[in-house]
Amino acid sequence: MISPARSMDATKKNRYFEQRLALLQDGTLSFDDLAMEIFHYQAVANPVYKRFLELTGQDEKKIDSVCDVPFLPVQFFKSKRIQSGEWKPEAQFSSSGTTGMVRSRHFIHSLLHYEQVSRQIFEDQIGNLDSFQILGLLPGYLDNPESSLIHMVKCFELHSSPISFFRLDFQSLEAAIQQALSEGKTPLIFSVTYALLKMAEEYPISLQDCVVIETGGMKGLGREMCKAEILEILQNRLEIKSLYSEYGMSEMQSQAYGTNGLYRSGFSMRVLRREVEDPLGESLKSGRGALNIVDLANFATCSFIATEDLGMVHNELEFEVFGRLDESEIRGCNLLFT
């Protein structure tokens, strides 16, 4: 099937897919139909993805199922400009990392589009923003002006109360929590995981009246910890009753939220799994393996991303994340481009 968007210029194509995504959101268009439409567009309009298909011997005209779509290894966002069509980015999101580390770059055609998708997913899964006082415990991310997470949290301010950000100043965070409660607002804390664990160890206040969203990030921890262990520590030591986990990446515009280690994809996102030993093989709808992300909000860049995460896919909406692939397992994909 030839996408009707192919005959449009890039700006009109992006607007066209924004409208198609709205139809997906209200249930008048199926996820798989829109996914295949975007795939056939990106297979031609995205030079990096097109070359990837050529090098791996894939004929886009013969692909008519999401499970057969080749997924672009996420590490190409570090070395290539991933863009479908020619348009001027409004912003660039970059991954976090240590000094000297090559970071992923994700060019954003419309910040408003990113904000609308993020808000819709949040309110679908967590609640209306206007009922919360958002507090950001995000040390490290605050030093990255191109952080997609920081931008997302800041844009929520337009629909809630003014947001305060904190590094590791737990006393000031506690005062902000009490202030929000006195004003009849529910404190909602976005926090990297290691900061919450540090709070649990050094300043174990009760967060029973708060909604807490841990966003991952284990920098500075002395040992590896599984998700279940982390959640148990946080719930017990900080008395958290409403604890969510967020799954997102700078290379994506959609997010997933979950409880007890089980994530639920947003309306514009699905997760499939692939065999670790066969990174270019067919994607499967359930089971353990490496995770492939379909992010239809990424229509202007690449919607089909082979991540470096390992996990369990339960069904088309629910999944778990166990850890990361090591370099020896992903090296084969890296060699496709030099």
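In this text, all values refer to a predicted model and were calculated from it rather than measured experimentally.

A. Structural detail: the packing of aromatic side chains. One pass over the structure, following the stated rule, counts 19 aromatic pairs. A ring pair is formed by Phe39 and Tyr49, whose centres lie 6.1 Å apart and whose planes are at 80 degrees; its orientation type is edge-to-face. On the criterion of sequence distance, the pair formed by Phe39 in helix H2 (residues 31–45) and Tyr49 in helix H3 (residues 47–55) is long-range, its members being 10 residues apart. The buried category is assigned to Phe39, whose relative accessible area is 0%. With a relative accessible area of 0%, Tyr49 lands in the buried category. Their ring planes at 85 degrees and their centres at 6.0 Å tell us that Phe39 and Phe304 sit as a pair that is edge-to-face. With Phe39 in helix H2 and Phe304 in strand E13 (residues 304–313), the pair connects residues that are 265 residues apart, well separated along the chain. Taking relative accessible area as the criterion, Phe304 reaches 0% and is therefore assigned buried. Aromatic rings pair up to connect Phe39, Tyr49, Phe52, Phe71, Phe76 and Phe304 into one cluster. The side chain of Arg81 reaches across the aromatic face of Phe107, ending 4.0 Å from its centre.

B. The arrangement of the pairing of strand E10 (residues 262–265) in detail. Covered by surrounding structure in E10 are Tyr263 and Ser265 only, the residues Leu262 and Arg264 on the alternate face being uncovered. Summarising the sheet, strand E9 (residues 256–259) and E10 pair through 4 bridges and their orientation is antiparallel. Within E10, the residue paired with Thr259 across the bridge is Leu262. Where E9 hands over to E10, the hairpin turn is made up of 2 residues, of which Asn260 adopts a positive phi near 55 degrees. Looking at chain direction, E10 and strand E14 (residues 318–324) are connected through 2 bridges and run antiparallel. Each bridged residue has a counterpart across the sheet, and for Tyr263 the counterpart in E14 is Phe319.

C. Molecular detail of the nonpolar core. With 106 residues, the main nonpolar core has Phe122, Phe190, Leu207 and Tyr247 as its most contacted residues. With 9 residues, H2 is the single largest residue contributor to this core.

D. Here's a closer look at the packing of helix H1 (residues 10–25) against H2. Packing of H1 against H2 leaves a shortest axis separation of 10 Å and a crossing angle of 165 degrees. When the interaxial angle is binned, H1 and H2 end up roughly antiparallel. The crossing of H1 and H2 is left-handed. Note on element contacts: H2 touches H1 through Phe31, Leu34, Glu37, Ile38 and Tyr41, opposite Lys13, Tyr16, Phe17, Arg20, Leu21 and Leu24.

E. Examining helix H6 (residues 148–156) more closely. Of all 9 residues that make up H6, 7 are buried, and the element is covered over most of its length. Along H6, the residues that are buried comprise Ser148, Leu149, Ile150, Met152, Val153, Cys155 and Phe156. You can read the cap of H6 off the contacts: a side-chain oxygen lies 3.3 Å from the backbone nitrogen of Leu149, and it is on Ser147.

F. Quick peek at the pattern of salt bridges. Taken as a whole and assessed by the stated rule, the structure comprises 11 salt bridges. A salt bridge links Glu123 to Arg119; its shortest N-O distance comes to 3.5 Å. Remark: Arg119 and Glu123 occur in helix H5 (residues 111–125); sequence separation between them is 4 residues, near one turn of the helix. Across the pair Glu202 and Lys198 runs a salt bridge whose closest N-O atoms are separated by 2.9 Å. With a gap of 4 residues between them, Glu202 and Lys198 both fall in helix H8 (residues 193–202), about one helical turn apart.

Analysis parameters
Residues numbered from 1 in each chain as written. Predicted model: local features only at pLDDT ≥ 70, side-chain atom pairs only at ≥ 80, totals over all residues. Heavy atoms only, no water. Phe/Tyr/Trp six-rings, centres within 6.5 Å; stacked < 30°, edge-to-face > 60°. Helix = DSSP H or I, 4+ residues; strand = E, 2+ residues; numbered from the N terminus. Buried < 20%, exposed > 50% of the residue type's maximum accessible area, 1.4 Å probe, protein only. Lys NZ or Arg CZ within 6 Å of the ring centre and 35° of its normal. Pairing = 2+ DSSP bridges. Core = buried A, V, L, I, M, F, W, Y, C linked by side-chain atoms within 4.5 Å. Axes fitted to C-alpha atoms, helices over the stretch in contact; angles between N-to-C directions. Parallel < 35°, antiparallel > 145°, perpendicular 65-115°, else oblique. Left-handed = near helix turned anticlockwise from the far one by under 90°. Contact = heavy atoms within 4.5 Å. Polar contact = N/O pair within 3.5 Å; in protein donor to acceptor, adjacent residues only side chain to side chain. Salt bridge = Lys/Arg side-chain N within 4 Å of Asp/Glu carboxyl O.

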